[in-house]
Amino acid sequence: MVTRRQAYETRVRRKANLVAGGSTVLVLAGLFILVPLAPGWPAVKKSFFNADVFMQTFPGLLNAFLLDVTIFAWSAPLIFALGLLVALARDVRAPAAYPLRLAAILYTDIFRGVPVILVIYLIGFGIPGLGLPRPYNSPYIWGTVALVLTYAAYVAEVFRAGIEGVHQSQRAAAASLGLSNADAMRFVILPQAIRKVVPANMNLFIALQKDVALLSFIGPVEIFRQAGVYKSLLANFTPYVGAALIFLAITIPATRYADYLLSKQRRART
Amino acid sequence: MTALLETRNLQKSFGSTPVCCGIDLAVNPGEMVCLIGASGSGKSTLLRCLNLLEPIDDGMILFDGHDISVPGLDPQPIRQRIGMVFQSFNLFPHMTAAENVMLAPRRVHGKTREALRPEVETLFDRFGLADRMAHYPDQLSGGQQQRVAIVRALAMRPEIMLFDEITSALDPELVGEVLDVLRQLRETGMTMILATHEMGFARELADKVCFLDAGVIHEEGTPEQLLSNPQKDRTQAFLRRIL
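Residues numbered from 1 in each chain as written. Chains lettered and ligands numbered in written order. Predicted model: local features only at pLDDT ≥ 70, side-chain atom pairs only at ≥ 80, totals over all residues. Heavy atoms only, no water.

Any details on the overall build of chain A? Residues and values, ideally.
Assigned secondary structure in chain A consists of 11 helices and zero strands. Element order for chain A, N to C, with α for helix and β for strand: α-α-α-α-α-α-α-α-α-α-α. In terms of overall dimensions, chain A is more spread out than a globule: its C-alpha atoms have a radius of gyration of 25 Å, far above the 18 Å expected for 270 residues. Its C-alpha atoms put chain A at 75 × 70 × 25 Å along the principal axes. Of all 270 residues assigned to chain A, the portion counted as buried reaches 37%. (Helix = DSSP H or I, 4+ residues; strand = E, 2+ residues; numbered from the N terminus. Rg over C-alpha atoms; globule rule 2.2 N^0.38 Å. Buried < 20%, exposed > 50% of the residue type's maximum accessible area, 1.4 Å probe, protein only.)

Okay, here's the thing in structure tokens:
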């Protein structure tokens, strides 16, 4: 038996679906009909959406993407660790440790204030310029260091927000049990803070995954640079589209997962 | 008999708002003292000062004859000997009930989980929580959470326990189980200070009841004297309002 309310809701839902479907079809039809009518479309299609070029370059692009993944894989844990250390350094209250606190503040201010690409240039070209012996003069190493330094500054701020977001009563409870400040931070505050900021950090690491491509400017032949090489060889922009697709295959699921974590956290809080 | 915990002219203000304005309180070993009074009368602040969670502005706190309110004193060893239970439980949400209880003895006294287990199991058992050790706080009712919080404080073997309105955040039907724990604790001879609104409970078990008003102990006496036969107008007015 269908109640009056259920029947009404079914009607409303059916109508909403019809309107949403209709408008989507209209917009897509418009795009597929109107865009190809543009005067430059045949040329754009040939140079950006060329199936032959795509098939020819895609395996090479995937291979180059492995370098992006490698750089990401060894910089992510370093960023996590350095970000955490900087966040903790900003919380130190002992007078003797004041230089540490000051350094942490300066560090986050500077690295959050300079464009990533500038940091990559300065460190990636500057430090090998000191004349270090191989392999310590590799732009691959120093470019990654630049990424680590930049992203750790952001991650440190996220951790700090997480630490401050743990309710004061948790500190009071830890203190009332006679725990030292360090133990209270390590066993009570930090575990809660890190959990709280997982979604925020996920978003930063998704951004990092994309910014790895910036290292191409100082040398390493990762996917963006590889796509550029193919572009020059074949006089065709399709490799860039292929590279974009590869990035999307990673970042869209990761973004959805971060959103899922966020909404799960919101639900848990209410 | 010397008092286990004593305050002399204890003063505390937050910014320009005075909260405790000269409190003199003495608690003897084995005694149970109840603090009553309206919200904002300074009960919670007094308890937090006693546990050194808040530094006091002036006056003195004597614990076992020693002044523990000396500015710059390391509060940690003192707090290890004074247990505290909060209105909103303040359990650590990322740890099981048993882990909550074992954290401080492990870190402060350097005991292992294995060494602590028998003692902790006995405590959980004693307060009807034997099957709740592996539960996380959000899997427990308010009454159970508050009992775990009491067990957590007891596991440090404190010499005195401070209870800050520990039944105020509970549904009425859960208040009884927490008060039962306090009754059991009373039988063991634990020295206790309670800030409470449970007048029936204060009448039943307290040795002394103190009525706080505007940051001072306005009137104090045995439960019989203070609750049944208050001498001062304000005490009478307060009791009329809540009874």
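Past the structure itself, the notes keep going.
An account of the packing of helix α3 (residues 51-89) of chain A against helix α6 (residues 139-165) of chain A is needed here, citing residue identities and associated values.
A packed helix pair is summarised by two numbers, namely the angle formed by the two axes and the spacing between the axes. Residue and element names in this part refer to chain A. Two elements in contact, α3 and α6, have axes whose closest approach is 6 Å; the angle formed by their N-to-C orientations is 45°. Classified by the angle between their axes, α3 and α6 sit oblique to one another. In this structure, α3 meets α6 at a crossing whose hand is right-handed. Of the residues contributing to the contact of α3 with α6, the split by class is 22 nonpolar, four polar and one charged. (Axes fitted to C-alpha atoms, helices over the stretch in contact; angles between N-to-C directions. Parallel < 35°, antiparallel > 145°, perpendicular 65-115°, else oblique. Left-handed = near helix turned anticlockwise from the far one by under 90°. Nonpolar A, V, L, I, M, F, W, Y, C, P; charged D, E, K, R; others polar.)

Run through the nonpolar core, naming residues and quoting values.
In terms of nonpolar packing, the biggest core is built from 83 residues, with A:Leu147, B:Leu46 and B:Ile193 touching the most fellow members. For this core, the leading source of residues is α6(A), giving 12 residues. When sequence neighbours within four positions are dropped, the list of residues in contact with A:Leu147 reads A:Ile71, A:Ile79, A:Val116, A:Ile120, A:Leu208, A:Asp211, A:Val212 and A:Leu215. (Core = buried A, V, L, I, M, F, W, Y, C linked by side-chain atoms within 4.5 Å. Contact = heavy atoms within 4.5 Å.)

I'd like to hear about the sheet that holds strand β5 (residues 66-67) of chain B, residue by residue, with values.
Residues and elements named next belong to chain B. Pairing in this open sheet of four strands is antiparallel, and the strands run β2-β1-β4-β5 from one edge to the other. Two strands in the sheet have a free side with no partner beyond their single neighbour: β2 (17-27) and β5. Note: strand β1 (residues 5-14) against β2, eight bridges, orientation antiparallel. Counted as the bridge partner of Phe-14 is Thr-17 from β2. Taken strand by strand, helix α1 (residues 43-50) contacts β1, β2 and β4 (58-63), and its axis lies near 115° from that of β1. (Pairing = 2+ DSSP bridges.)

Account for unusual backbone geometry, naming residues and giving values.
Residue A:Ala235 is not a glycine yet carries a positive backbone phi of 50°. In this fold, A:Ala235 is placed in the loop between α10 (223-234) and α11 (238-269). Backbone geometry places B:Leu52, a non-glycine residue, at a positive phi of 60°. By secondary structure assignment, the location of B:Leu52 is in the loop between α1 and β4.

Any chance you could break down the interface of chain A and chain B for me, citing the residues and the numbers?
If you look at the interface, chain A gives 18 residues, while chain B gives 22 residues. In total, about 1,600 Å² of surface goes out of reach between chain A and chain B, with carbon and sulfur atoms giving 63% of it. Of all residues in chain A, A:Ser176, A:Leu177 and A:Phe187 bury the most surface against chain B, accounting for 35% of the area lost on that side. Where chain A touches chain B, the interface holds one salt bridge. (Buried area = accessible area lost by both parts, 1.4 Å probe. Salt bridge = Lys/Arg side-chain N within 4 Å of Asp/Glu carboxyl O.)

Could you give me a rundown of the side chain of B:Arg152, with the residues and numbers involved?
With respect to the helices and strands, B:Arg152 occurs in helix α5 (residues 142-154). A distance of 2.9 Å separates the side chain of B:Arg152 from the backbone oxygen of B:Asn90, its partner in a polar contact. Within polar-contact distance, the side chain of B:Arg152 engages the side chain of B:Asn100 at 3.1 Å. Those residues in contact with B:Arg152 that lie beyond four places of it in its chain are A:Ala173, A:Leu177, B:Phe89, B:Asn90, B:Leu91, B:Phe92, B:Asn100 and B:Val101. (Polar contact = N/O pair within 3.5 Å; in protein donor to acceptor, adjacent residues only side chain to side chain.)

Which residues make up the pattern of salt bridges, and what values go with them?
Summed over all chains, the structure comprises 24 salt bridges over all chains. Of the charged contacts in the structure, one is a salt bridge between A:Glu9 and A:Arg5, with a shortest N-O distance of 3.2 Å. Note that A:Glu9 and A:Arg5 are positioned in helix α1 (residues 4-34) at a spacing of four residues, about one turn of the helix. Among the ionic pairs, B:Asp64 bridges to B:Arg81, the shortest N-O distance being 3.5 Å. You can see B:Asp64 sitting in the loop between β4 and β5 and its partner B:Arg81 sitting in the loop between α2 (76-79) and β6 (82-85), a full 17 residues away along the chain. When salt bridges with common partners are traced through the structure, they connect A:Arg90, A:Arg112, A:Glu157, A:Arg160 and A:Glu164 into a single cluster.

Which residues make up the sheet that holds strand β9 (residues 208-213) of chain B, and what values do they have?
All names here are of chain B. What the six strands build is an open sheet, ordered β6-β7-β8-β3-β9-β10; its pairing is mixed. The outermost strands of the open sheet, each flanked by one partner alone, are β6 and β10 (216-221). Each adjacent strand pair in this sheet contributes to an overall mean axis angle of 20°, direction not counted. The pairing of strand β3 (residues 32-36) with β9 spans four bridges and is classified as parallel. Along β9, the bridge assignment pairs Cys-34 with Val-209. Against the sheet, α1 makes contact with β3, β6, β7 (160-164), β8 (191-195) and β9, and its axis sits at roughly 150° relative to β7, the strand it touches most.

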